[in-house]
Every structure is written in structure tokens, then in C-alpha cells.
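# Analysis of the macromolecular model
For reference, the chains in residue letters:
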Amino acid sequence: MFSDFETRTVTTSAGHIHTRIGGEGPPLLLLHGYPQTHAMWHGIAPRLAQHFTVVCTELRGYGDSAHPPTAAAHHPYSKRAMAQDQVEVMAALGFDRFMAAGHDRGGRVLHRLLLDHPARVSRAAMLDIVPTRHIFQTIDQSMATVYEHWFFLIQPDGLPERMIGQDPEFYLTTKLRRWSVHPQAFTPGAMAEYLRCFCRPGTIHTTCEDYRAAATIDLTHDDADANRKIHCPLLVLWGAQGAMERHYDVLTIWRQYAATITGQALPCGHFLPEEASEHTYRALVNFFDK
């Protein structure tokens, strides 16, 4: 995977961020989700690199990036802090303005980045999410059953860490299987990376902190920005056979948060770049190659 990409460790104010860079052209940042790493982009990043300078990073607390200590208010894993990492990475690479796509947790980091640093991003794509604030304000029994991890991972006293840590491989593979409709799309190489990076006590803890921040300090930040909209062009993609399609009118919701929006459902579950790599590639390249 990523055979033509350069690997770098970029130092930010909060620690190092594991980064892959490939291609030429306008800069495009790709952000992964839970419980994965930048390896989730392996099927489309080399093709995107034919059009753009593609930067794939791992969020703080994930993969081979830094796992800074947490705090009682979870602010080290707020999306504001995680977005700041990405701005610093891109600046260190010489990109003060760039395009970006985020899947799952990466999309939530990107949403905060667009609010905190609106001048940095010219075009953005969100993959298989609606805003965090909207989910917490509207969730019902059906959606809570699907998104049970949102409420399990935020439990205190190390409860989820201890339970996941008893069999992290089972936990990870079960999540990937349940959230996908084409589980064969996860290649052996990508699976090996997910397992290598996730099945560590430190990573299990910091990824829980990501979710604890989402249920606390991130909501405080989102409430403060409740009347602000994203103003760069926004593409929204989601799985036609996933939770977003079943539970939300995705484009209608995002129109409350963004001024200029387009989007569509793709024939897959949650993991668009792997389950529907050709459709995802085409949608992204058509949107960003303007």
C-alpha cells in the first residue's frame, strides 16, 4: 500500500502526526475514521495522487501518531485540538490553503476545522456522517442501537478500555463487519494495519477519549457555533445501505450547517473508500478537480 508515497513524521505543537504524501498538484488532505488508520484510503489515494498532492494523516490518538495524555475535561481529544494538528501538518508541508475529505471521525475533525479555520480549506467532503450535535439532539432508540459505541466508549473509570482490551481483535473485526455490507472489501494488508494499530492499550484508551470529548467539550464548542455555517463548497457522500440512509435525510440536515452543498448516496455501507472505491474516487475527483 502507498508504494509511491513518502512517509513523514510531522511535528506539531501537541506531538507528531504520522503522514503519507504522494502525487502532484493542488493539496488534498484525507482524514480517516474509527477504528481505522490512514490505510483506509489505500484503494483511492494513489489514483487521487494523479490529480492532487495527497496528504493522508493519522489523527492524534490513532495509528502511529502521538497519543498525548488526556485531561479531566477531555480537551486534548477535542475536535478543535485534533483539527489544529491537521492545520499545523499542512502548514509544515507548505500548504496554507488546501482541500480536504474526512470519513467518520475524520469528518468530525474536518467539520471543526472548517469552523475554526475557514480560510484554510477551499473545498471539503464529508463521508458518511451528519453533524455530532445533530445526532445527540435527535437520537432515538433505533439509531442508539446502531450507534451503541457512542455511549459505550464514553463510559468512565476505564470500563470500555478494560472490556475491549480483553479481545481487541474480536471487537475491531466485529465493528468492521457490522458497519459494512461488503466486508470482503477490507484487504489483508489494510486489516493487518488496523489490528496492529488498534490492539494496543494506549490506542484503545485514546480512541475512547475521542468519543468522550465528542459527548462533552465538543458539544460545548458546537453549541457556541450553532448559528455559523460552512461557506466553502461541501460534498456529502454516504452509504445507501448504511445507518445514515436509514435514519437521516442527510442533505437536508447538512443544509442547516453549510451554505453550498451537493451529495449522493453510494452503493455500500459505512466504509465508502473501501466498499465502493470506484464510486468514491469518481465523486471526489469530480468535486475537487475544479
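Residues numbered from 1 in each chain as written. Predicted model: local features only at pLDDT ≥ 70, side-chain atom pairs only at ≥ 80, totals over all residues. Heavy atoms only, no water.

## Notes on the overall build of the protein chain
- Counting its regular elements, the protein chain contains 15 helices and eight strands.
- Relative to its length of 290 residues, the protein chain is compact, with a C-alpha radius of gyration of 17 Å against a globular reference of 19 Å.
- For the protein chain, the spread of C-alpha atoms along the principal axes amounts to about 45 × 40 × 40 Å.
- Residue burial in the protein chain is summarised as follows: out of 290 residues, 59% are buried.
- Considering only intrachain contacts with a sequence separation of at least 6, the fraction spanning at least 24 residues in the protein chain is 76%.
- Of the roughly 11300 Å² of accessible surface on the protein chain, 51% is carried by carbon and sulfur atoms.
- When the 26 basic and 30 acidic side-chain charges of the protein chain are each reduced to a single mean position, those positions are 3 Å apart. (Helix = DSSP H or I, 4+ residues; strand = E, 2+ residues; numbered from the N terminus. Rg over C-alpha atoms; globule rule 2.2 N^0.38 Å. Buried < 20%, exposed > 50% of the residue type's maximum accessible area, 1.4 Å probe, protein only. Contact = heavy atoms within 4.5 Å. Areas by Shrake-Rupley, 256 points an atom, 1.4 Å probe, with all protein chains shown as cover. Lys, Arg positive; Asp, Glu negative; His and termini not counted. Charge placed at Lys NZ, Arg CZ, Asp CG, Glu CD.)

## Topic: helix H2 (residues 79-92)
- Over its 14 residues, H2 extends 20 Å from the first C-alpha to the last, a length consistent with the 20 Å expected when each residue adds 1.5 Å.
- The buried count for H2 comes to 10 of 14 residues, which makes it a mostly enclosed element.
- Within the span of H2, buried status applies to Lys-79, Ala-81, Met-82, Ala-83, Asp-85, Gln-86, Val-87, Glu-88, Val-89 and Met-90.
- Remark: Gly-94 follows H2 within two positions and exhibits a positive phi of approximately 95°. (Expected span 1.5 Å × (residues − 1).)

## So, the pattern of salt bridges
- Evaluated as defined, the whole model comprises 20 salt bridges.
- Measuring nitrogen to oxygen at the nearest pair gives 2.6 Å for the salt bridge that ties Arg-47 to Glu-278. A residue pair is termed long-range when its members are at least 10 positions apart, and Arg-47 in helix H1 (residues 45-48) and Glu-278 in helix H15 (residues 277-288) qualify at 231 residues.
- Judged by relative accessible area, Arg-47 falls into the partly exposed class, the value being 27%.
- The exposure class assigned to Glu-278 is partly exposed, which follows from its relative accessible area of 34%.
- In this structure, Asp-223 and Arg-133 form a salt bridge, with 2.8 Å as the shortest nitrogen-oxygen distance. You can see Asp-223 sitting in helix H11 (residues 217-224) and its partner Arg-133 sitting in helix H4 (residues 132-138), a full 90 residues away along the chain.
- By sharing partners, the salt bridges in this structure join Arg-80, Arg-112, Asp-116, Asp-222, Asp-225 and Arg-228 into a single network. (Salt bridge = Lys/Arg side-chain N within 4 Å of Asp/Glu carboxyl O.)

## Regarding the packing of aromatic side chains
- Taken as a whole, this structure holds 14 aromatic pairs when the rule is applied.
- With a centroid separation of 6.4 Å and 80° between ring planes, the pair formed by Phe-52 and Phe-288 is classed as edge-to-face. Residue Phe-52 is located in the loop between H1 and strand E4 (53-57), and its partner Phe-288 is located in helix H15; the two are separated by 236 residues in the primary sequence.
- The interplanar angle of 70° and the centroid separation of 6.5 Å between the aromatic rings of Trp-150 and Tyr-211 together place this pair among those described as edge-to-face. Of the two residues, Trp-150 is situated in helix H6 (residues 148-152) and Tyr-211 in helix H10 (residues 201-214); the sequence distance between them amounts to 61 residues. (Phe/Tyr/Trp six-rings, centres within 6.5 Å; stacked < 30°, edge-to-face > 60°.)

## Section: the sheet that holds strand E2 (residues 15-22)
- Strand order in this open sheet of eight strands is E1-E2-E4-E3-E5-E6-E7-E8, and the pairing throughout is mixed. Each edge of the open sheet is held by one strand with a lone partner, namely strand E1 (6-12) and strand E8 (261-266). Each adjacent strand pair in this sheet contributes to an overall mean axis angle of 20°, direction not counted.
- Bridge count for strand E5 (residues 98-103) against strand E6 (residues 121-127) is five bridges, and the pairing is parallel. By the bridge assignment, Phe-98 is partnered in E6 with Val-121.
- Of the strands in this sheet, E1, E2, strand E3 (27-31), E4 and E5 touch H2, which is tilted by about 120° from E1. (Pairing = 2+ DSSP bridges. Axes fitted to C-alpha atoms, helices over the stretch in contact; angles between N-to-C directions.)

## Focus on the environment of Glu-245
- Position of Glu-245 among the secondary structure elements: in helix H12 (residues 243-247).
- For Glu-245, a relative accessible area of 37% gives the class partly exposed.
- Spatially, the C-alpha atoms of Glu-245 and Ala-283 are 18 Å apart, while their sequence positions differ by 38 residues.
- If sequence neighbours within four positions are ignored, Glu-245 has contacts with Trp-238, Gly-239, Ala-240 and Ala-265.

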